[in-house]
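The chain contents come next:
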Amino acid sequence: MRLTINYFSLFLVLFFLFLNLQTLALTGWIMNEESSIKFYHFFSLFFVPCVLIRFRYSLPKIPPFVLEYFVGISIISLLLFIVYPFNRILINHLFAFYAFYIGYYITGIYSPEQLIGLLQKAAVVIFVIITGKLLFHIPEIIRFMKAPDGHPDIYTIFGGGVNLEATWIGLHTALFINRKKLFYFFLLTTLIISVLYASRVGIVIALLVAGFKFLSSATSKKERRAIIALALLAVFCFVIFIDFENLANNVYALRRFVEFGGSTDKGMEGRFAMWRYYATALWESYFLGYGAGNGMYAIEAVSGKDYPEDNLHNLYLQILIEFGFIGFLLYMLVVYNLSIKAFKSRLSNPIAIVILVYFIASLIQFRGTDAIIWLYIGMFIRIESKKIALNE
């Protein structure tokens, strides 16, 4: 049994690590993360022999609300592709389901403590890679700080650029809520990286994770009192001693918060330019959708314009326009069931915080095919179901 567990441990740590190395393809490091077969796609095939090692055990049954969602959006997309162009993003959705099942299956082998420990080891490696990578980009960071505009031109291991890289390391910080010193170290690291990246979403996600950690039953009353005292002290010093306007002018990441929604906010301006055609596109589909990956196709068809974005920067709008009202309802059932389970866990499960913050961050990014989060979801559901089984 020990060899079996070690075999699965090695696979899980490496699979989680490779899922984060999203720009690593079989042909090497790539700029366009969507055009090649990634290394984690290939590595995921090793899950099959992992299962065969334990063939004497029955395969776990998938929760209905997850299965119904993936089956539903697959059938909806295949039917809609008769009318609208086929989009290979459907394959990405199917791989996300595969990642979910890997997490759901493997979690049955470990205790929650063992599983979180393995994820923490992989997360530490990811933090080391990202911070080490920044050393090679010091000249670009210095250039950007002198003349900031948008984001620095830094190569990322995550697909989607610096915003997504800041997002994922912020989410991974939640894994350490039960290890106080490491949590605050990685939280500070995430905030610093987000400031260097001029990533508003990275800062917000780090603060959301910290907020949920504060509410978590894993946080002691003594720690909460210390956090409140430090927060009040920080606010007092900020109001009395710090000129926010001057600080925002000197720190570009803060200036982007001040400019939010204004005429100089190019990011939100681009989103508003797309969203203005959303209602028309949805209406023309009779609320049936356009199929997986065809959200931007719908907007461009209605507007007659080409947009550089490959998604709507709002997962809920993306789900609704791609899979219609039925697909949206199926997804919201997933959100509802997972949120209920997360709050029932009293946020003592670190993965619960990851999932909740992801749902909030989905208001401004993500496209629903994130294999990392579906791996997390599979783990979380299995952990919570095992807790229920033990209590019965």
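Not measured: the values here are computed from a predicted model.

*Asks:* Could you give an account of the overall build of the protein, naming the residues involved and the relevant values?
*Replies:* In terms of helices and strands, the protein carries 19 helices and two strands. Across the protein, the fraction of contacts at a sequence separation of at least 24, relative to all contacts at a separation of at least 6, is 74%. In the structure as shown, the protein presents an accessible area of about 19100 Å², 69% of it carried by carbon and sulfur atoms.

*Asks:* I'd love a proper account of the nonpolar core, names of residues and values included.
*Replies:* Counting residues in each nonpolar core, the largest one holds 118 residues, and the members touching the most others are Tyr331 and Trp374. Those residues in contact with Tyr331 that lie beyond four places of it in its chain are Tyr69, Leu315, Tyr316, Ile319, Tyr358, Phe359 and Trp374.

*Asks:* Tell me about the environment of Ser77, and name the residues and values.
*Replies:* Inspection of the secondary structure puts Ser77 in helix 4 (residues 64-80). Given the relative accessible area of 0%, Ser77 is considered buried. Sequence separation of Ser77 and Leu90 is 13 residues, and the distance between their C-alpha atoms is 7.5 Å. Residue contacts for Ser77: discarding those within four places in its chain leaves Leu90, Gly291, Ala292 and Phe323.

*Asks:* Give a detailed account of the packing of aromatic side chains, specifying residues and quantitative values.
*Replies:* The full count for this structure, using the stated rule, is 36 aromatic pairs. A centroid spacing of 4.7 Å and a plane angle of 65° characterise the contact between Phe70 and Trp374, whose relative ring orientation is edge-to-face. Here Phe70, found in helix 4, pairs with Trp374, found in helix 19 (residues 371-391); they are 304 residues apart in sequence, far enough to count as distant. Judged by centre distance (5.1 Å) and plane angle (80°), the ring pair of Phe183 and Tyr184 falls under edge-to-face. Look at Phe183 and you get buried, because its relative accessible area is 1%.

*Asks:* Summarise a nonpolar patch on the surface; cite the residues concerned and give the values.
*Replies:* A surface patch of nonpolar side chains, about 590 Å² in accessible area, is lined by Leu67, Val71, Ile75, Leu79, Ile82 and Val83. Summarising the element assignment, Val71 is placed in helix 4. Residue class for Val71 comes out partly exposed when judged on its relative accessible area of 39%.

*Asks:* Kindly report on helix 10 (residues 200-215), identifying the contributing residues and their values.
*Replies:* For helix 10, with 16 residues, the first-to-last C-alpha span of 23 Å sits near the 22 Å given by 1.5 Å per residue. Within helix 10, the full set of buried residues consists of Arg200, Val201, Gly202, Ile203, Ile205, Ala206, Val209, Phe212 and Lys213.

*Asks:* Any chance you could break down a positive patch on the surface for me, citing the residues and the numbers?
*Replies:* Taken together, the side chains of Lys180, Lys181, Lys221, Lys222 and Arg225 make up a positively charged region of the molecular surface. Mapped onto the positive patch, the elements with two or more residues apiece are helix 9 (180-196) and helix 11 (221-241). Among the elements that take part in the positive patch, helix 11 stands out by supplying three residues, more than any other. Within the secondary structure layout, Lys180 lies in helix 9. Judged by its relative accessible area of 45%, Lys180 is partly exposed.

Scoring rules and cut-offs
Residues numbered from 1 in each chain as written. Predicted model: local features only at pLDDT ≥ 70, side-chain atom pairs only at ≥ 80, totals over all residues. Heavy atoms only, no water. Helix = DSSP H or I, 4+ residues; strand = E, 2+ residues; numbered from the N terminus. Contact = heavy atoms within 4.5 Å. Areas by Shrake-Rupley, 256 points an atom, 1.4 Å probe, with all protein chains shown as cover. Core = buried A, V, L, I, M, F, W, Y, C linked by side-chain atoms within 4.5 Å. Buried < 20%, exposed > 50% of the residue type's maximum accessible area, 1.4 Å probe, protein only. Phe/Tyr/Trp six-rings, centres within 6.5 Å; stacked < 30°, edge-to-face > 60°. Patch = residues over 30% accessible without salt bridge, like charges linked within 9 Å, V, L, I, M, F, W, Y side chains within 5 Å. Salt bridge = Lys/Arg side-chain N within 4 Å of Asp/Glu carboxyl O. Expected span 1.5 Å × (residues − 1). Lys, Arg positive; Asp, Glu negative; His and termini not counted. Charge placed at Lys NZ, Arg CZ, Asp CG, Glu CD.

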